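Overview (structure and organization)
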Amino acid sequence: FSTDGRWCYIVLWVVPDASSDKVDWESLKNRLLSVCPSILVSYYFNQPSSNSSKPSLYLLKYCCVDRKGLLHDATKVLTELEFTIQRVKVMTTPDGRVLDLFFITDGLELLHTKQRREETCEHMIAVLGEYSISCEIQLAGPEYESLQAFTSLPPAVAEELFGSELPDKEDFSRVLSTEVTQNKASITVDNLLSPAHTLLQIKCADQKGLFYDILRTSKDLNIQIAYGRISSSVKGYRNMDLFIRQTDGKKVVDPKQQTALCFHLKEEMLHPLRVMVTNRGPDTELLVANPVELCGKGRPRVFYDVTLALKALGICIFSAEIGRHSTSHRQWEVYRFLLDESLEFPLASSQARNRIVEKVKKTLMGW
């Protein structure tokens, strides 16, 4: 990909995911076009593009009889129908029923039509079958605000969950020269090859969302990428060449800025998500956290992957919710799952908890 500051040219060679039955290429094309700036509007009329308007938020209420894997199956249906889950609240009643509240946006932007709403509910009920009780969709009301509140975590849990897993910047700067190598990742900073840009040469283990994490971090640090090339995965590793500059158009020449940039990039490449199992009173809780972009967006498909991992382990979810948590330097999106105890999977066992953390991490990272 390359850009001159006004036009951007991107070529991506892609292959369908092994778990996908089919790919709707026309829908993918339309969704990519919908997030691109409108050149006519933004450059000639100096007005915000209608394509960038915030999509409407809808509340899907789904009631059903509880069973193993139900939450993931419902999430899978919504994903296949091209909905994005913004918030979720899942509650299990004493009589074995589940009420799922999904706050969603529509990738096709058709949920305002009666046909799209009816087809969505019909599809949910058809896929989940005899366990279904009711399904309805409406525009999200004031009750959404209460579910969007920041989540409260005990200080000890928050410190363990959000603590940096890399050495601090002072220690990091001692090992930074022209190349940094740690935990299967290296970054080379070169200011000699290009007269106008700083070159970052990155080699790291391949994982799901790697390109997203690098671009998200660069964006949050006000680093502009003028040209980039990404190699295909070779023996589980990827190589990337990124020609970057600061927002003022200058190269990154200050050693302290280089150190900080490499530190943040490595932290996001190596530990983009945090996963832990802890106690919440008498219950066992799974916590998954990821950084929120400066624009307020969270990481895609986290809820889908976590519920997939728990389903594979045969663990039932008693309740689930998504909230936000602020630390001193950033905001996090926090997924909280209260897990059901079972004879097959004793949650009090440290071995069982380690299995949960390992399985969830591997699913999120695509390993």
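Now for a quick tour of the structure. Computed from a prediction, not measured in an experiment: that's the story for all the values here. (Residues numbered from 1 in each chain as written. Predicted model: local features only at pLDDT ≥ 70, side-chain atom pairs only at ≥ 80, totals over all residues. Heavy atoms only, no water.)

Scanning the protein from terminus to terminus reveals 11 helices and 15 strands. Counting only residues that meet the buried cut, the protein has 43% of its 367 residues in that class. As displayed, the protein has an accessible area near 20,600 Å², and 54% of this comes from carbon and sulfur atoms. (Helix = DSSP H or I, 4+ residues; strand = E, 2+ residues; numbered from the N terminus. Buried < 20%, exposed > 50% of the residue type's maximum accessible area, 1.4 Å probe, protein only. Areas by Shrake-Rupley, 256 points an atom, 1.4 Å probe, with all protein chains shown as cover.)

It is worth spelling out the side chain of Glu268 at this point. Structurally, the position occupied by Glu268 is in helix 9 (residues 255-270). Glu268 gets classed as buried once you look at its relative accessible area, which sits at 1%. Reaching out from Glu268, the side chain makes a polar contact with the side chain of Arg330 at a distance of 3.0 Å. (Polar contact = N/O pair within 3.5 Å; in protein donor to acceptor, adjacent residues only side chain to side chain.)

Now for helix 9. For helix 9, spanning 16 residues, the distance from its first C-alpha to its last is 22 Å, which sits close to the expected 22 Å at 1.5 Å a residue. With respect to burial, helix 9 is a largely interior element, 12 of its 16 residues being buried. Looking only at helix 9, the buried set comprises Gln258, Thr259, Leu261, Cys262, Phe263, His264, Leu265, Lys266, Glu267, Glu268, Met269 and Leu270. A distance of 3.0 Å separates the backbone nitrogen of Lys256 from a side-chain oxygen at the start of helix 9, and that oxygen is part of Asp254. (Expected span 1.5 Å × (residues − 1).)

Right, let's talk about the nonpolar core for a bit. Phe102, Leu286, Phe303, Phe337 and Ile356 are the most contacted members of the largest nonpolar core, which totals 49 residues. Not counting residues up to four positions away in its chain, the partners in contact with Phe102 are Tyr58, Leu59, Leu60, Leu71, Ala74, Thr75, Leu78, Ile85, Arg87, Val88 and Phe303. Counting 19 residues, the second largest nonpolar core, distinct from the first, contains Cys204, Met240, Leu242 and Leu261. (Core = buried A, V, L, I, M, F, W, Y, C linked by side-chain atoms within 4.5 Å. Contact = heavy atoms within 4.5 Å.)

So, on to the sheet that holds strand 3 (residues 58-65). Reading across the sheet, the eight strands line up as 6-3-5-4-14-15-13-12 and stay open at both edges, with antiparallel pairing between neighbours. Of all the strands in the sheet, the pair left with one neighbour each is strand 6 (132-139) and strand 12 (274-280). For this sheet the average axis-to-axis angle between neighbouring strands, irrespective of direction, equals 25°. Alignment of strand 14 (residues 317-326) against strand 15 (residues 331-339), held across nine bridges, turns out to be antiparallel. Bridge pairing in strand 15 links Arg324 to Glu333. (Pairing = 2+ DSSP bridges. Axes fitted to C-alpha atoms, helices over the stretch in contact; angles between N-to-C directions.)

Following the sequence through the fold, Ser319 ends up in strand 14. For Ser319, a relative accessible area of 15% translates into the label buried. Here Ser319 is in contact with Val90, Arg336, Phe337 and Leu338, once residues within four sequence places are set aside.

Below, the discussion takes up the pairing of strand 14. Of all the 10 residues making up strand 14, seven are buried; the element is thus mostly covered by neighbouring parts of the structure. In the sheet, strand 4 (residues 83-92) pairs with strand 14 via two bridges, with the strands oriented antiparallel. Its bridge partner being in strand 14, Val90 is matched across the sheet by Ala320. From the end of strand 14 to the start of strand 15, which pair antiparallel, there are four residues.

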